[in-house]
There are 2 protein chains.
Amino acid sequence: MDIRQRLGRNLRRLRTERGWSQEEFADRAGIHRTYVSDIERGARNPTITVVEKLATPLGTTVSALLS
Amino acid sequence: MDIRQRLGRNLRRLRTERGWSQEEFADRAGIHRTYVSDIERGARNPTITVVEKLATPLGTTVSALLS
DNA sequence: CTGTGACTTTTAGTCCGTC
DNA sequence: AGACGGACTAAAAGTCACA
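A. Main features of the protein's contact with DNA strand D. Around DNA strand D, 17 residues are found, and the nearest of them are R12, Q22 and R41 of chain A together with Y35 and T47 of chain B. A share of 64% is what sugar and phosphate atoms reach among the atoms of DNA strand D within 4 Å of the protein. In the environment of DNA strand D, a base nitrogen lies 3.1 Å from a nitrogen or oxygen atom belonging to the side chain of T34 of chain B. Per-class residue counts for the surface near DNA strand D are three nonpolar, nine polar and five charged.

B. Up close: the nonpolar core. Formed by 40 residues in total, the largest nonpolar core has its most connected members in L54 and L66 of chain A together with L66 of chain B. L54 of chain A has contacts with L7, L11, F25, I31, I39 and L65 of chain A, leaving out every residue within four places of it along the chain.

C. Here's a closer look at the relation of the copies chain A and chain B. Structural alignment of chain A on chain B gives an RMSD of 0.1 Å, achieved by rotating through 180° and translating 0.2 Å along the axis. The relationship between the two copies is best expressed as a two-fold rotation axis. When the interface residues of chain A are mapped onto chain B, 100% of them are again interface residues, pointing to one common binding face.

D. View of the interface of chain A and chain B. The interface of chain A with chain B comprises 14 residues on the first partner and 14 residues on the second. Around 1300 Å² of area is buried between chain A and chain B when both sides are counted, 66% of it from carbon and sulfur atoms. Sorting the residues of chain A by area buried against chain B places I3, N45 and I48 of chain A first, and these three jointly supply 45% of that buried surface. Put simply, chain A and chain B have seven residue pairs in polar contact (both at pLDDT 80 or more) between them. The residue inventory of the side of chain A that touches chain B, partitioned by class, reads seven nonpolar, four polar and three charged.

E. Summary view of the protein's contact with DNA strand C. In the vicinity of DNA strand C there are 21 residues, among which Y35 and R44 of chain A together with Q22, R33 and R41 of chain B approach most closely. Protein-adjacent atoms of DNA strand C, using a 4 Å cutoff, are sugar or phosphate at a proportion of 58%. A distance of 3.3 Å separates a phosphate oxygen of DNA strand C from a polar backbone atom of H32 of chain A. Secondary-structure elements contributing two or more residues to the surface near DNA strand C are α3 (33-40) of chain A together with α1 (3-17), α2 (22-29) and α3 (33-40) of chain B. Top contributing element to the surface near DNA strand C by residue count: α3 of chain B, with four residues.

Cut-off values and rules
- Residues numbered from 1 in each chain as written.
- Chains lettered and ligands numbered in written order.
- Predicted model: local features only at pLDDT ≥ 70, side-chain atom pairs only at ≥ 80, totals over all residues.
- Heavy atoms only, no water.
- Near = heavy atom within 4 Å.
- Polar contact = N/O pair within 3.5 Å; in protein donor to acceptor, adjacent residues only side chain to side chain.
- Nonpolar A, V, L, I, M, F, W, Y, C, P; charged D, E, K, R; others polar.
- Core = buried A, V, L, I, M, F, W, Y, C linked by side-chain atoms within 4.5 Å.
- Buried < 20%, exposed > 50% of the residue type's maximum accessible area, 1.4 Å probe, protein only.
- Contact = heavy atoms within 4.5 Å.
- Least-squares fit on C-alpha atoms with pLDDT ≥ 70 in both.
- Buried area = accessible area lost by both parts, 1.4 Å probe.
- Helix = DSSP H or I, 4+ residues; strand = E, 2+ residues; numbered from the N terminus.

Structure representation (structure tokens):
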């Protein structure tokens, strides 16, 4: 499966597990809410620094998000 | 340590372990020679699809490169 | 063989909305 | 609550000449 889709699925799963909306999570991660939506749908190709920003508020690792 | 520097160090280590020059590796990865140089020095912030291109010829994973 | 500055094209990433 | 579009700015992708 495409790495962007793997990231999207992992992100959505971990975010919803925490009961956060996309907007609430975006604020915690310091990125824009529409960008979170795009990433979860596998429609974007983020940089490694963005993936790190996603991992931090989730308390997970970059590797876990991309696996 | 910065994720870009971790990627750079891991990439350089794995590449040299295989006895490849930057140029030879770049050809295998389908990436430009100077771009590989930049990544190894932590001077770039690549996207996840680029990291995937790096991992493939090394026979390793994106996670390993970013860890 | 590798580093680096300069460069153009492409896309990452933001912000405004509407459905 | 989230999908999605348009327009925009910042930065990545990708290449080259030369040290």
